[in-house]
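# Examination of the molecular architecture
Residue strings, one per chain:
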Amino acid sequence: MISGAWAVPLFRSGRDFADLRREAAQLQKIENAHLDILRHTQAHARVRIWTMAEFVEAPMEALQSVLDDIAPAASRRPGPMPRPVDLDGFGRFLQNLRNQGMHPYLMGDFPVERGPASMREPLRKLYPVS
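Let us look at the structure shown here. Bear in mind the structure is a predicted one, so any value in this text is a computation, not a measurement.

Calculation criteria
- Residues numbered from 1 in each chain as written.
- Predicted model: local features only at pLDDT ≥ 70, side-chain atom pairs only at ≥ 80, totals over all residues.
- Heavy atoms only, no water.
- Helix = DSSP H or I, 4+ residues; strand = E, 2+ residues; numbered from the N terminus.
- Buried < 20%, exposed > 50% of the residue type's maximum accessible area, 1.4 Å probe, protein only.
- Contact = heavy atoms within 4.5 Å.
- Areas by Shrake-Rupley, 256 points an atom, 1.4 Å probe, with all protein chains shown as cover.
- Phe/Tyr/Trp six-rings, centres within 6.5 Å; stacked < 30°, edge-to-face > 60°.
- Patch = residues over 30% accessible without salt bridge, like charges linked within 9 Å, V, L, I, M, F, W, Y side chains within 5 Å.
- Salt bridge = Lys/Arg side-chain N within 4 Å of Asp/Glu carboxyl O.
- Expected span 1.5 Å × (residues − 1).
- Core = buried A, V, L, I, M, F, W, Y, C linked by side-chain atoms within 4.5 Å.

## Here we look at the overall build of the protein chain
Each helix and strand counted, the protein chain has five helices and two strands in total. Going from the N terminus to the C terminus, the protein chain shows its helices and strands as β-α-α-β-α-α-α. Here the protein chain, with 130 residues, has 26% of them falling under the buried criterion. For the protein chain, long-range pairs separated by at least 24 residues make up 65% of all intrachain contacts whose partners lie at least 6 apart in sequence. Working note: accessible area of the protein chain is about 9,400 Å², and carbon and sulfur atoms make up 55% of it.

## A few points about the packing of aromatic side chains
Under the defined criterion, the tally for this structure stands at five aromatic pairs. Ring geometry for Phe 11 versus Phe 93: centroids 5.6 Å apart, planes at 55°, classification tilted. Here Phe 11 is found in helix α1 (residues 7-13), whereas its partner Phe 93 is found in helix α5 (residues 90-99), with 82 residues between them in sequence.

## A few points about a nonpolar patch on the surface
On the surface, Val 66, Leu 67 and Ile 70 cluster together into a nonpolar patch covering about 250 Å² of accessible area. Here Val 66 lies in helix α4 (residues 59-70).

## Concerning helix α2 (residues 17-39)
In this model α2 runs 32 Å from its N-terminal to its C-terminal C-alpha over 23 residues, within 8% of the 33 Å that 1.5 Å per residue would give. By the burial criterion, the buried members of α2 are Leu 20, Ala 24, Gln 28, Glu 31 and Leu 35. Taken together, the buried residues of α2 touch β1 (2-3), α1 and α5.

## With respect to the nonpolar core
One finds Trp 6, Met 52, Phe 90, Phe 93, Leu 94, Met 107 and Phe 110 to be the most contacted residues of the largest nonpolar core, which totals 17 residues. A total of four residues in this core trace back to one element, the largest contributor, which is α5. Apart from residues no more than four positions distant in its own chain, Phe 93 is found in contact with Ala 7, Leu 10, Phe 11, Phe 17 and Leu 20.

## Considerations on the pattern of salt bridges
Inspection of the entire model under this criterion finds four salt bridges. Asp 69 is paired through a salt bridge with Arg 46; the nearest N and O atoms lie 3.6 Å apart. Taken together, the residues Asp 69 in helix α4 and Arg 46 in the loop between α2 and β2 (50-51) connect sequence positions 23 residues apart. Its salt-bridge partner being Asp 69, residue Arg 48 comes within 3.7 Å of it at the nearest N-O pair.

## Topic: the environment of Arg 92
For Arg 92, the position within the fold is in helix α5. The spatial distance from the C-alpha of Arg 92 to the C-alpha of Phe 11 is 9.9 Å, given a sequence separation of 81 residues. In this view, Arg 92 contacts Val 112 and Glu 113; residues no more than four positions away in its chain are not counted.

In short, the description is geometric, and any link to function would need to be established separately.
And the structure:
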């Protein structure tokens, strides 16, 4: 399960922020109750929970671990990933929710300035030349 993913459609909706904040608080409360059920010791399932930030940072690793659980004997890698949704500004959206009194904790840590680290331009590795 990827927690906090419900925030992306809200972020992309362009609706009035006061309405978004109310809906976000309600959705987070519902998801938190669902996560409590999944984490309960009497849950009869193998449950993996990633925050949305964790999944966005390394989607292939998460998908591969699920595939390994489903078919451990098969050593197939998933095919090419679809192009991800542009999350530029998502950190600011979460910060605005915080500023309005909500604590959006289920989606993980997104930097305020830019998208997740995997979406930033990679730093060029410097090599010493002699």
